[in-house]
Amino acid sequence: VVAVVFLLCGVWGLVALRASKPPRESRVPDVPMPVVQVVTVMPANKPIVIQGQGTVRPLKETQLVPQVSGKVVFTSEILVNGGLYKAGDELLRIDPVDYELAVTLAEARVQDAEATYILALQESEAAVQEWRDLNPGEAPPDLVARKPQLSAAKAKLDAERADLKKANLHLERTRLKAPFDGVVSEENVDIGQYVTPGQSLATLFGTRAVEIVVPLSNDSLRWIRVPGFTHNGGNGAEAIVRTSLAGAMQTWDAKVVRAEGRIDEKTRMINVVVRVAQPYAKRPPLAIGLFVDVDIQGQTLENAALLPRAVLRPDQQVWVVDHEDRLYSRPVRVAHLTTDVVIIDEGLAAGDQVVTSQLKAVSKGMKVRTVLQSKAGRP
């Protein structure tokens, strides 16, 4: 009986506790709003810069080749790989003794021919005078006037003078001089070596200008001036050549001068040639063979927005956050696209907030919280 009483008291107490507990309230949990980074559009006049890359190559390249044969008796100190020289500098000399003797012999033959010609001329004049004394008023025949002998003497004199000129020319060619300002890229001759006409002794590069071939797409060409290729060619577009050299970023002013005659059949790219004047005027120089970046100045777009490339979605769409912090997709027109930025000239207005974050799940009208990344569109 006691046990039953205690059990009943326990049941009664449990029921009383449950009856005194306040009712449980049901609540729907709040859905967290995603956080997105945005940029504020600020349209401005934006110059288009077409970027490319290429290798520096010489505008002038030639081989140092002798025109006469002989033993090398002198080589300049600058005739080494990397040696800089000026136009007219003597780079190499061939033994001139044989050619000096040839000049001396040619001079002697000229003097002999001159004496023969003078003698023939005087004999002709004497014969003509004698004919006139004997035959007044009659012209002397050519044989009497000794014209054949006079012509032969004159021809011999002209031939000997030509031989003298040739001998002097050969003597002059024993001194090999630089044809233009440049640098020696390869040298394979030394004192005592016997050289022959046509033998390549060194390779010379000109330093007054270098060129860089920059492959560009067809779309990029509409923004820049290319002489002889685009309708607005005229003076070629200005450019900046950049490369890291000797531990620092180096730059040179350049200019677009032409496009190459053929389009690359594999890449369908058009090779635009950029020229740099006086590449060795500063140190370090814009040396032949360097791989460089080229920024070509193009046309200026009015009221265009410069944005990070991350804002661009498929089919030229961007996500825009309105004044209620809701997401909406908007079509835009892309004027120019690079690896880092996109220039949009239609579809956005000043003050628009464009999303740069990569969203995994997104829907039209979705509420978001925004974090301002930076202002975009400034020139």
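Residues numbered from 1 in each chain as written. Predicted model: local features only at pLDDT ≥ 70, side-chain atom pairs only at ≥ 80, totals over all residues. Heavy atoms only, no water.

A.B. asks: Just to check I follow, could you spell out the overall build of the chain for this structure?
C.D. replies: When helices and strands are tallied, the chain shows three helices and 21 strands. For a compact globule of 379 residues, the expected C-alpha radius of gyration is about 21 Å, and the chain comes in at 45 Å, more than 25% above that figure. For the chain, buried positions account for 35% of its 379 residues. Partitioning the intrachain contacts of the chain with sequence separation of at least 6 by distance along the chain shows that 75% fall at a separation of at least 24. Here the chain has roughly 23000 Å² of accessible surface; of this, 53% comes from carbon and sulfur atoms. (Helix = DSSP H or I, 4+ residues; strand = E, 2+ residues; numbered from the N terminus. Rg over C-alpha atoms; globule rule 2.2 N^0.38 Å. Buried < 20%, exposed > 50% of the residue type's maximum accessible area, 1.4 Å probe, protein only. Contact = heavy atoms within 4.5 Å. Areas by Shrake-Rupley, 256 points an atom, 1.4 Å probe, with all protein chains shown as cover.)

A.B. asks: Hey, could you run me through the pattern of salt bridges in this one?
C.D. replies: According to the stated counting rule, one finds 19 salt bridges in the structure shown. Between Asp 142 and Lys 147 there is a salt bridge; the shortest N-O distance is 3.7 Å. In this structure Asp 142 comes out as partly exposed when scored by relative accessible area, which is 45%. Between Asp 219 and Arg 222 there is a salt bridge, and its shortest N-O distance comes to 3.0 Å. (Salt bridge = Lys/Arg side-chain N within 4 Å of Asp/Glu carboxyl O.)

A.B. asks: Looking at this model, I keep getting lost on the layout of surface pockets. Mind explaining?
C.D. replies: A water-sized probe, rolled over the atoms, reveals where empty space remains. The space that makes up the largest pocket amounts to roughly 290 Å³. Listing elements by their share of the lining of the largest pocket, those giving two or more residues are β2 (44-58), β11 (209-216) and β18 (333-337). Top contributing element to the lining of the largest pocket by residue count: β18, with four residues. Empty space within the second largest pocket amounts to approximately 220 Å³. Considering the residues around the second largest pocket, the lining is formed by 13 residues, among which Gln 67, Arg 173, Arg 175, Leu 176 and Lys 177 are closest to the centre. Listed by contribution, the elements that provide at least two residues to the lining of the second largest pocket are β3 (61-64) and β7 (175-177). Looking at the lining of the second largest pocket residue by residue, the classes come out as six nonpolar, three polar and four charged. (1 Å grid on protein atoms, 1.4 Å probe; cavity = no way out; pocket = protein on both sides within 12 Å on 5 of 7 lines; lining within 4 Å. Points joined across faces, edges and corners; volume = space filled by probe spheres on them. Nonpolar A, V, L, I, M, F, W, Y, C, P; charged D, E, K, R; others polar.)

A.B. asks: Can you help me understand unusual backbone geometry in this one?
C.D. replies: A negative phi angle is the norm for most residues apart from glycine, just as the trans form is the norm for most peptide bonds. The omega torsion of the bond from Arg 283 to Pro 284 falls at -5 degrees, within 30 degrees of zero and hence cis. On the secondary structure map, Pro 284 appears in the loop between β14 (270-277) and β15 (291-308). In this structure, Arg 146 takes a positive phi of about 60 degrees despite not being glycine. Positionally, Arg 146 belongs in the loop between α2 (97-134) and α3 (147-172). Arg 146 gets classed as partly exposed once you look at its relative accessible area, which sits at 28%.

A.B. asks: Explain the environment of Met 33 here, please?
C.D. replies: Tracing the sequence through the fold places Met 33 in the loop between α1 (2-20) and β1 (35-41). For Met 33, a relative accessible area of 35% translates into the label partly exposed. Each C-alpha atom of the pair Met 33 and Leu 286 lies 54 Å from the other, and the pair is 253 residues apart in sequence. Once you skip the residues sitting within four places of it in the chain, Met 33 turns out to touch Lys 367, Val 368 and Arg 369.

A.B. asks: Looking at this structure, how should I read the sheet that holds strand β5 (residues 84-85)?
C.D. replies: Adjacent strands of a sheet form backbone hydrogen bonds with each other and so pair up, either parallel or antiparallel. Pairing is antiparallel across the open sheet formed by four strands, whose spatial order is β3-β10-β8-β5. Every interior strand has two partners, whereas the edge strands, β3 and β5, have only one. By the bridge criterion, two bridges tie β5 to strand β8 (residues 182-187) in an arrangement that is antiparallel. Within β8, the residue paired with Tyr 85 across the bridge is Gly 182. (Pairing = 2+ DSSP bridges.)

All we've got here are geometric facts, nothing functional implied.
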